Protein chains: 2
Amino acid sequence: MHRILRINLTERQAAIEPLPATYRSLGGRGLTARIISDEVPPTCDPLGTQNKLVFAAGLCAGTSVPNSGRLSVGAKSPLTGTIKESNAGGSVAQKIARLGFRAVIVEGAAKEPVTVKIDRDGIRFESAAALAGRGNYQVIELLKNECGPGVGIVSIGQAGEMRLKAAAISVTTPDFHVRVAARGGLGALMGAKGLKALVLDDAGCEAVPVADPERLKVAVQAFTRGVLSHPLIGGLKAFGTPILVNMMDAMGTIVTKNYSQGRFAGAEQISGEHMAEIVAQRPNAKPSHACMRGCVIQCSNIYTDPAGELVVAGIEYETVALMGSNCLIDDLDAIAAMNRACNDFGLDTMDVGGALAVAMEAGLLAWGDAAAAVQLVAEIGAGSERGRMIGNGVKHTGEALGVTRIPHVKGQCLSGYDPRGLKGTGVTYATATMGADHTCGNALPSPANPGYDPAASSGQAPVSQFLQRYFAAVDSLGICLFAMVPPLDMPELQQHLVACVAAIVGEELGSDYLLELGGAVVKVEKAFNDAAGFTSADDRLPDFFSTEALPETGQIFDVATDELDSVHAD
Amino acid sequence: MHRILRINLTERQAAIEPLPATYRSLGGRGLTARIISDEVPPTCDPLGTQNKLVFAAGLCAGTSVPNSGRLSVGAKSPLTGTIKESNAGGSVAQKIARLGFRAVIVEGAAKEPVTVKIDRDGIRFESAAALAGRGNYQVIELLKNECGPGVGIVSIGQAGEMRLKAAAISVTTPDFHVRVAARGGLGALMGAKGLKALVLDDAGCEAVPVADPERLKVAVQAFTRGVLSHPLIGGLKAFGTPILVNMMDAMGTIVTKNYSQGRFAGAEQISGEHMAEIVAQRPNAKPSHACMRGCVIQCSNIYTDPAGELVVAGIEYETVALMGSNCLIDDLDAIAAMNRACNDFGLDTMDVGGALAVAMEAGLLAWGDAAAAVQLVAEIGAGSERGRMIGNGVKHTGEALGVTRIPHVKGQCLSGYDPRGLKGTGVTYATATMGADHTCGNALPSPANPGYDPAASSGQAPVSQFLQRYFAAVDSLGICLFAMVPPLDMPELQQHLVACVAAIVGEELGSDYLLELGGAVVKVEKAFNDAAGFTSADDRLPDFFSTEALPETGQIFDVATDELDSVHAD
């Protein structure tokens, strides 16, 4: 796992390089951040040939650490212009690790779409003419049939080929469902590079080496036992991430009607609990599903239609919030249909959901009109003008339609948590190095931390700063963030995880390891953004969050700008 | 002329305030820059209620100084996010001055469209329900019939009402043709404020006071005589600004096929010389026309169809270049039709022309397909999705269609001069305080200055810096830039103009007056942009100008970034 694979698409050449010593302790987001920072001019055109697309396995990838198979995808973002890392589950990161690589760097651009196949014996460049113009589901089916059931596939659909700014990158699960590195328009960059798919086959590869297997075994057991003891995990397994719907609705912070309300009358209809009832009645549906090997939570799900045909696996809270409550749509089947279309075309459901809602605000379709929304999402893949508009995300759509209330930071749609009631999350939206993104530090209340008031006007910056560093470390280790929520409430689990990493790399790590690692990652990212021309003026929420109160609670976002700026001050 | 009129549209209130002492020496762009800088938060949403729209008369408005009736319109730009001033001829600035105002500040936003009428007796707010949804030509006709032939009208068409980012503001000439404050999307802000039209009637007003009328008379004569002696003036009068078509084509710097060529095979067909031939044959057409009282150049024209029906007055070089050569369209009648549609809907022909060309590059319509382009421009007013896309300008359209070669700086389309052959102009595009804008300092070669090489890779920053300051002063005095090109070659005319200003304000002014005035204006604007979050990283041309050579000359834009940054260094 101490090598880098460098692929030049212009020249159709590949080179295997030793991992530089300075990168040895880096994986996942930490590694993509460093490579982008070292190799990509911060002011370059994100869709131009100077930009690079980096796929990196986390530092724990391929080991027995649970939930450690997230694949980090990094670049200068076509959506935000900032540095960007978006990660997804699936089987690919573990295959990259088993193939002996820490990262795959994609440079240049192919004139015609190509598929790149990587296995133990080498790298092949093949024409993707037969795949071009097809959605991810077909692409995956064709490549799986051609290359066998042991491969992992990274691909883009039509959205990436059209270079739409909400275009995502698809990553297959072991059973060939679709996971998505959704945010930041990285699919558009893959499209601009002419890379339709990467196929990774780790057949015949050795296991990933571990310095101290016995120590790892002990630490993994302690970590896993602790994670599974946390009350959140059972809920996630039973109801998936949409368990958050009723929780957020109860708090008055579920994003509703383009961020103009904090509660949704139809919340129960789109809740995780209701989804579980539907799934229980449908053939072939499953309430719980693992998106990667080694997942101990299995919060994904398999959602089928009444006849038992697969629709999507799985439906997540962000999709339900942005395409559901935010659009006043209370129909899970309609949301699932849009989710499937987005997975097929290769799109971020969040920016697309946000775009649908601003289009509703503009009168392009009626609030809550699920059929019209499904139709409009279908148009994205067809490349109609209004489809392209929606597929370019919430900012582009809002500007196209003259909407002044556009819920974005640095061009990226906010997530499903209203920042007026969750102000620590609001600080994260404003100041994260990659635009509005809850995965950078979602400051939800916790029974284990009764002293934290998520609606307080001050004291949020330290919370956000801590979480931004913590999750930057998590993303660098390649671990799913849900496995890392329990350690927030049970700090001893953090030390079990540090022991896991120490056992893998074979050196002692301090008790501050996670925050030091994450803090360094955020600093590298921030420096890139500074050089790209971003300033504290960009670290702000849209005005309307400060001037329009949530009707149910009267809350506004009133964290002082000085406090926002303090996140990156030290 | 020592008062400010402040209009609050939320409250439907108006207040007349004395001009603050610190503003006494400011007019036009200098005054809008100061008011925006003093009153508008740099990071506010440009379409939100914190932004203000300022109309200012130049310091010489209403006096006998020739060509001094330009109206400055200032705000934080909805297109670029920078501070913005866009100016136009017409009769309104002179009426503002005669009504005793230096500026009109529009604040807040009306819930329903309003017309504001200003005359000697006061200010009236009236519903614009009967005007809403109509184009400028109908709006002007209705208001002229209602208010009489002595009024001046500022209005927006459908584009401003839709808040499209290329929306412009229309200003009437004394004979009720349309002039346009075109750039920066200021029409979108007027639309967001619900202000459909301003009607100004200066009947019964006194002449604008002048401190030393006799001195002014002498200085005006000397200035005017000098301007008229310059060889450019005769050409402008005979052929209009499209006289530049053949000049730029000969130099290999006419923007062609979305800035991929520097010469256009159809240049002769769209040249000023050919336009003069057409105009000579058509009833009611005129090769020369004054857009304001006191114009000694009359470079506008009246372009009619073969039956003698008015199409547009007048056709300008930038329109011909962006909608003609840049789209490979060689048909002046088609260009005139698009020009009329843009004037009617209230749109910047430059950003719309740039958008058409990127749409051609994306394959949405064929290169040079004039009929399809005319049809597409017509759709903007109808508000179709593709129409809105084009009406949002070149950057938005390029992003919508996945085009990577987008000729913009800070979101605004470049003008009709290719920066690879005119590198001083390229420096201006990159560093001007309001995005790519030739009027901020177009560094054309001149026979009077044979030592200047516009294609040299270095030494361009001082030229651009000088011109940016010089024209910032010109815009502050309210003088048409064409009257100020001769004084570039004949510096003694600059002193005659300084004498004019001194006679008007009644104080002695130093010989460095123009550059000191302009330098201070640019500094205020730059400081606003800095506070809004812009950095030197934003002061760059798109990558492709540095990597793709013009095929005819092999030129690339290769001015060093250090040199670009030196423009604002002192």
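Details of the structure are given in the entry above.
Positions within a chain are numbered from 1, following the residues in the order the chain's sequence is written. Whichever chain is written first is A, and whichever ligand is written first is 1; the rest continue in order. Per-residue local features are limited, in this predicted model, to residues with pLDDT of at least 70; the limit for side-chain atom pairs, both in listing and counting, is 80 or more; totals at the level of whole chains, interfaces and linings are taken over all residues. Values shown for side chains rest on all heavy atoms present in the structure; no hydrogens or waters enter the calculation.

Residue Ala313(A) is joined to Gly314(A) through a cis peptide bond whose omega torsion reads -5°. A positive phi is found at Asn258(A), a non-glycine position, where the angle reads about 50°. Only DSSP runs of H or I reaching four residues or more are called helices, and only runs of E reaching two or more are called strands; each is numbered from the N terminus. Relative to the helices and strands, Asn258(A) is located in the loop between helix H8 (243-251) and helix H9 (272-281). Each residue's exposure class comes from its accessible area (1.4 Å probe, protein chains only) as a fraction of the maximum for that residue type: buried when under 20%, exposed when over 50%, partly exposed otherwise. We classify Asn258(A) as buried; its relative accessible area is 0%. With phi around 50°, Lys257(B) is a residue other than glycine that occupies positive phi space. Locating Lys257(B) in the fold gives a position in the loop between helix H8 (243-251) and helix H9 (272-281).

Residue and element names in this part refer to chain B. Tracing the chain through its elements places Ala-238 in helix H7 (residues 231-239). In this structure the C-alpha to C-alpha distance between Ala-238 and Gly-187, which are 51 residues apart in sequence, comes to 31 Å. In this structure Ala-238 touches Ala-276 and Pro-287, once residues within four positions along its chain are discounted. The contact criterion used throughout is that any non-hydrogen atoms of two residues lie within 4.5 Å.

What follows concerns the sheet that holds strand S9 (residues 151-155) of chain B. Residues and elements named next belong to chain B. Criterion used throughout: strands pair if DSSP finds at least two bridges between them. One open sheet holds the six strands; their spatial order is S8-S7-S12-S9-S10-S11, and the pairing between them is mixed. Of all the strands in the sheet, just strand S8 (122-127) and strand S11 (178-181) have a single pairing partner and so form its edges. The sheet shows a mean angle of 20° between the axes of neighbouring strands, direction not considered. Two strands pair when backbone bridges link them, and strand S7 (residues 114-119) and strand S12 (residues 195-201) are joined in this way by five bridges, in the parallel orientation. Each residue of the ladder has a partner; that of Val-114, found in S12, is Leu-195. Axis definition: a line fitted to C-alpha atoms, limited for helices to the stretch in contact. Angles are taken between N-to-C directions and run from 0 to 180 degrees. Sheet contacts for helix H3 (residues 136-147): S7, S8, S9, strand S10 (169-172), S11 and S12; angle to S9, the most-contacted strand, approximately 150°.

All names here are of chain A. Relative to strand S11 (residues 178-181), strand S10 (residues 169-172) runs antiparallel, the two being bridged by four bridges. In the strand pairing of S11, Thr-172 is matched with Val-178. Connecting S10 to the next strand, S11, in antiparallel fashion are five residues, including Phe-176 with a positive phi near 65°.

With 28 residues of chain B in contact, the opposing surface of chain A contributes 28 residues. Here chain B packs against chain A, burying approximately 2200 Å² in sum over the two surfaces, 50% of which is carbon and sulfur. The rule for a salt bridge is simple: a side-chain nitrogen of Lys or Arg has to be within 4 Å of a carboxyl oxygen of Asp or Glu. At the boundary of chain B and chain A, one finds four salt bridges. The partner of Glu385(A) in a salt bridge is Arg386(B), and the shortest N-O contact between them spans 3.2 Å. In protein, a polar contact requires one atom able to donate a hydrogen and another able to accept it; more generally it is a pair of N or O atoms within 3.5 Å, and residues adjacent in sequence count only if both atoms are side-chain atoms. Remark: the boundary between chain B and chain A carries eleven residue pairs in polar contact (both at pLDDT 80 or more). Of all the elements in the fold, those that place two or more residues in the side of chain B that touches chain A are helix H14 (385-391), helix H15 (393-400) and helix H20 (513-532) of chain B. Here the side of chain B that touches chain A takes four residues from H14(B), the largest share from any one element. A class-by-class count of the residues in the side of chain B that touches chain A yields eleven nonpolar, eight polar and nine charged. In short, buried area is how much 1.4 Å probe accessible area vanishes from two parts on joining, totalled over both. When residues are grouped by polarity, Ala, Val, Leu, Ile, Met, Phe, Trp, Tyr, Cys and Pro land in nonpolar, Asp, Glu, Lys and Arg in charged, and all others, Gly among them, in polar.

Take the packing of helix H11 (residues 332-345) of chain B against helix H13 (residues 370-382) of chain B next. All names here are of chain B. Between H11 and H13, the shortest axis-to-axis distance is 9 Å and the interhelical angle comes to 5°. One finds that H11 runs roughly parallel with respect to H13. Where H11 approaches H13, its residues Ala-334, Met-338, Ala-341, Cys-342 and Phe-345 are matched on the opposing element by Ala-370, Ala-373, Val-374, Val-377, Ala-378, Ile-380 and Gly-381. Residue classes in the contact of H11 with H13 are distributed as eleven nonpolar, one polar and no charged. Throughout this description, any angle smaller than 35 degrees is read as roughly parallel, any larger than 145 degrees as roughly antiparallel, any in the 65 to 115 degree range as roughly perpendicular, and the remainder as oblique.

Attention now goes to H9(B). Buried within H9(B) we find Gly272(B), His274(B), Met275(B), Ala276(B), Ile278(B) and Val279(B). At its buried positions, H9(B) is contacted by H7, H8, strand S13 (286-289), strand S14 (300-304) and H11 of chain B.

Residue and element names in this part refer to chain B. Between helix H16 (residues 423-431) and helix H17 (residues 460-477), whose axes approach to 8 Å, the crossing angle comes to 60°. The handedness of the crossing between H16 and H17 comes out as right-handed. Residues Lys-423, Gly-424, Val-427, Thr-428 and Thr-431 of H16 lie in contact with H17, whose contacting residues are Gln-460, Ala-461, Ser-464 and Gln-468. Residues that form the contact of H16 with H17 fall into these classes: two nonpolar, six polar and one charged. Note on convention: near helix rotated counterclockwise from far helix by under a right angle means a left-handed crossing. Clockwise means right-handed.

On to the side chain of Gln465(A), then. Note on placement: Gln465(A) falls in helix H17 (residues 460-477). Since its relative accessible area comes to 16%, Gln465(A) is described here as buried.

Another aspect to go through is the pattern of salt bridges. Under the definition given, this model contains 62 salt bridges over all chains. One connected set of salt bridges, linked through shared partners, spans Arg6(A), Glu17(A), Glu39(A), Lys52(A) and Glu107(A).

Time to look at the sheet that holds strand S8 (residues 122-127) of chain A. All names here are of chain A. Taken together, six strands build an open sheet; the order of strands is S8-S7-S12-S9-S10-S11 and the sheet is mixed. Where the open sheet ends on each side, the last strands, each with one partner, are S8 and S11. Across the sheet, the mean angle from the axis of one strand to that of its neighbour is 20°, orientation sign disregarded. Of the pairings in the sheet, the one linking strand S9 (residues 151-155) to strand S12 (residues 195-201) comprises five bridges and is antiparallel in character.

Moving on to the packing of aromatic side chains. Given two aromatic rings, their pairing is described by the distance between the two centres and the angle made by the two planes. Here the aromatic set is Phe, Tyr and Trp, taking the six-membered ring for Trp, and pairing holds for ring centres within 6.5 Å; pairs whose planes are under 30 degrees apart are stacked, those over 60 apart are edge-to-face, and all others are tilted. According to the stated counting rule, one finds ten aromatic pairs over all chains in the structure shown. Geometrically, the ring pair formed by Tyr317(B) and Tyr417(B) is tilted, given 5.2 Å between the ring centres and 40° between the ring planes. In this pair, Tyr317(B) sits in helix H10 (residues 317-323) while Tyr417(B) sits in the loop between strand S17 (412-413) and H16, placing the two residues 100 residues apart along the sequence. Positioned above the aromatic ring of Tyr137(A), the side-chain terminus of Arg340(A) is 4.0 Å from the ring centre. A ring is considered to have a charge above it if a Lys NZ or an Arg CZ atom is located within 6 Å of its centre and within 35 degrees of its normal. The ring of Phe544(B) has Arg405(B) lying over it, and the distance from NZ or CZ to the ring centre is 4.3 Å.

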